[in-house]
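Okay, here's what each chain looks like letter by letter:
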Amino acid sequence: MHSYDPQNIFARILRGEIPNKTVLETEHSLAFHDINPAAPVHVLVIPKGAYVTFDHFAAEASAEEIVDFHRTCAQVCQMTGVMPGKGYRAITNAAEHGMQEVPHYHLHILGGRPMGRLVDPA
Ligand code: AMP
């Protein structure tokens, strides 16, 4: 069901095949700046494991990976100044209706300006 493409761009970043602007790296997670930022703060947090979507990660990752991932997100919020501060939005897109572009689970942390409505009306 969750078939993972090892050639996706974030897998290549994790293998060191293409560069990234790292914010924080831990045993199980990597946080780096989005190449096409949609806000003054736009950081992507990814697990190092081969997970396609949020639900895949939530269902199959180990407790250690899940804790590491969320602690990394918390540290990124502090390091970028969005919290404590004026706040942020955390977004994850999944598959076709979620309009996911890169099929490796990632959380977008966006801030530095008011983020507008949650979603566009359909
Ligand atoms: P999504 O639509 O949720 O899959 O978002 C994928 C995100 O990855 C987009 O915001 C892209 O700008 C970002 N992205 C794509 N390639 C890279 C890259 N090489 N380094 C950093 N961010 C990237």
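Parameters and conventions
Residues numbered from 1 in each chain as written. Predicted model: local features only at pLDDT ≥ 70, side-chain atom pairs only at ≥ 80, totals over all residues. Heavy atoms only, no water. Helix = DSSP H or I, 4+ residues; strand = E, 2+ residues; numbered from the N terminus. Rg over C-alpha atoms; globule rule 2.2 N^0.38 Å. Buried < 20%, exposed > 50% of the residue type's maximum accessible area, 1.4 Å probe, protein only. Pairing = 2+ DSSP bridges. Core = buried A, V, L, I, M, F, W, Y, C linked by side-chain atoms within 4.5 Å. 1 Å grid on protein atoms, 1.4 Å probe; cavity = no way out; pocket = protein on both sides within 12 Å on 5 of 7 lines; lining within 4 Å. Points joined across faces, edges and corners; volume = space filled by probe spheres on them. Phe/Tyr/Trp six-rings, centres within 6.5 Å; stacked < 30°, edge-to-face > 60°. Polar contact = N/O pair within 3.5 Å; in protein donor to acceptor, adjacent residues only side chain to side chain. Contact = heavy atoms within 4.5 Å.

**Q** Could you give an account of the overall build of the protein, naming the residues involved and the relevant values?
**A** Looking only at helices and strands, the protein features 4 helices and 5 strands. Mapped in sequence order, the helices and strands of the protein form the string α-β-β-β-α-α-β-α-β. For a compact globule of 122 residues, the expected C-alpha radius of gyration is about 14 Å, and the protein comes in at 14 Å, within 12% of that figure. Over its C-alpha atoms, taken along the principal directions, the protein stretches across nearly 35 × 35 × 30 Å.

**Q** Describe the pairing of strand E5 (residues 107-111), naming the residues involved and giving the relevant values.
**A** The element E5 is largely enclosed, with a buried count of 5 among its 5 residues. Burial along E5 is two-sided: Leu107, Ile109 and Gly111 and His108 and Leu110, pointing in opposite directions, are all buried. Examined bridge by bridge, strand E3 (residues 41-47) and E5 share 5 bridges and lie antiparallel to one another. Bridge pairing in E5 links His42 to Leu110. The pairing of strand E4 (residues 88-91) with E5 spans 4 bridges and is classified as antiparallel. Paired with Ile91 across the strands is His108, a residue of E5.

**Q** Describe in detail the nonpolar core, supporting the description with residues and values.
**A** Membership of the largest hydrophobic core comes to 17 residues, with the highest contact counts inside it found for Ala31, Val45, Phe69, Val76 and Ile109. Counting residues per element, the ones that place at least two in this core are strand E1 (22-25), E3, helix H3 (63-80) and E5. With 7 residues, the next largest nonpolar core counts Ile13, Phe32, Ile46 and Val102 among its residues.

**Q** Tell me about the layout of surface pockets, and please be specific about residues and values.
**A** Quantified by volume, the largest pocket comes out at close to 930 Å³. Taken together, 31 residues line the largest pocket, and the ones lying closest to its centre are Asp34, Asn36, His42, Leu44 and His108. Among the elements of the structure, helix H1 (9-14), strand E2 (29-33), E3, E4 and E5 are those that each provide at least two residues to the lining of the largest pocket. A per-element tally of the lining of the largest pocket places H1 first, with 3 residues.

**Q** Tell me about the packing of aromatic side chains, residues and numbers included.
**A** Evaluated as defined, the whole model comprises 6 aromatic pairs. Taking the centre distance of 5.3 Å and the plane angle of 75 degrees together, the rings of Tyr51 and Phe57 count as edge-to-face. In textbook terms, an aromatic cluster arises when at least three aromatic residues are bridged by ring pairs, as seen for Tyr51, Phe54, Phe57, Phe69 and Tyr105.

**Q** If you had to explain the side chain of His106 to someone new, which residues and values would you point to?
**A** Along the chain, His106 falls in the loop between helix H4 (95-98) and E5. Residue class for His106 comes out buried when judged on its relative accessible area of 5%. A polar contact of 2.6 Å, which involves the side chain of His106, links it to the backbone oxygen of His104. In contact with His106, other than residues within four places in its own chain, are Phe10, Leu44, Val45, Ile46, Ile91, Thr92 and Gln100.

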